[in-house]
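The primary structure of each chain is shown beneath.
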Amino acid sequence: MIIAVDGPAASGKGTIAKALARHYGLPCLDTGLLYRAVGLNVLKNSGDPDREADALTACVFEDALLDDPALRNEAVGSLASRVSVHQAVRNALVQRQRDFATQLGGAILDGRDIATVIAPDANAKLFVTASVHVRAQRRFNDAASQGGHPDMDSLIADIQARDTRDMSRDHAPLRMADGADLLDTSDLTIDAAVQKAIALVDAQLEGRRIG
Ligand code: DC
């Protein structure tokens, strides 16, 4: 069984994917981490994220890089979004994601193109979203709780820029797949969003849609 969870930055898709993984007892892959590793690696190589050749070179990295806490930085998220527009980068990462998706027993993947490109035959597909303001507020709270001094206006501008790039790129743009259920988490607590996600997935698995 494959469950695909797609959506924009800070929509809550990662939290929901992890909760679904616990609920259904499945392994979970945060595919954004792969693009973040490429983004961080470009930086380490002093390459240009907007140059396809530099971004492709950065696709070769040790698995240990996936545990680097720097991957979680906003700046690395933005680099990831920039390298992810290149077709060569997407091609370089596709097999790893498909291998994870098709492992025995099933898997959950979250990202931008899971239900559209990586696993279009997934058994259940969710598109998780939230308003730009709510997503920026989540980023604000995360940064403030870690002792940072975030600026709400620049967080909003970053999220809007990332949405625009991820949704308007030529290759595998972020969009809701045919057959996916929309889950708007703007007004939901984490618990409520997870319960709704489980109900939507259960309904898709049983062939009765409630979305
Ligand atoms: O989910 P995230 O914020 O960690 O993703 C970082 C960037 O990586 C995102 O802005 C676009 C890119 N990405 C992608 O193109 N395809 C995916 N499946 C996952 C992430």
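Before reading further, recall that the structure is shown in the block above.
Quick summary incoming for the structure in this document. (Residues numbered from 1 in each chain as written. Predicted model: local features only at pLDDT ≥ 70, side-chain atom pairs only at ≥ 80, totals over all residues. Heavy atoms only, no water.)

Let us now look at helix H9 (residues 190-205). Under the 1.5 Å per step criterion, the end-to-end length of H9 is 22 Å for 16 residues, consistent within 8% with the ideal 22 Å. Three or more residues of H9 are buried, namely Ala193, Val194, Ala197, Ile198, Leu200, Val201, Ala203 and Gln204. On its buried side, H9 packs onto strand E1 (2-6), helix H1 (13-24), strand E4 (124-129) and strand E5 (181-184). (Helix = DSSP H or I, 4+ residues; strand = E, 2+ residues; numbered from the N terminus. Expected span 1.5 Å × (residues − 1). Buried < 20%, exposed > 50% of the residue type's maximum accessible area, 1.4 Å probe, protein only. Contact = heavy atoms within 4.5 Å.)

Taken in spatial order, the 5 strands line up as E2-E3-E1-E4-E5 in an open sheet, and their pairing is parallel. The sheet terminates laterally at strand E2 (28-30) and E5, the two strands that pair on one side only. Mean inter-strand twist for the sheet, computed between neighbouring axes without regard to direction, equals 20°. Pairing of E4 with E5 involves 4 bridges; the strand directions are parallel. Residue pairing for E5: Thr129 is matched across the bridge by Asp184. Contacts from H1 reach E1, E2, strand E3 (107-111), E4 and E5, with the element oriented near 175° to E3. Across the sheet, H9 is in contact with E1, E4 and E5; its angle to E4 comes to roughly 150°. (Pairing = 2+ DSSP bridges. Axes fitted to C-alpha atoms, helices over the stretch in contact; angles between N-to-C directions.)

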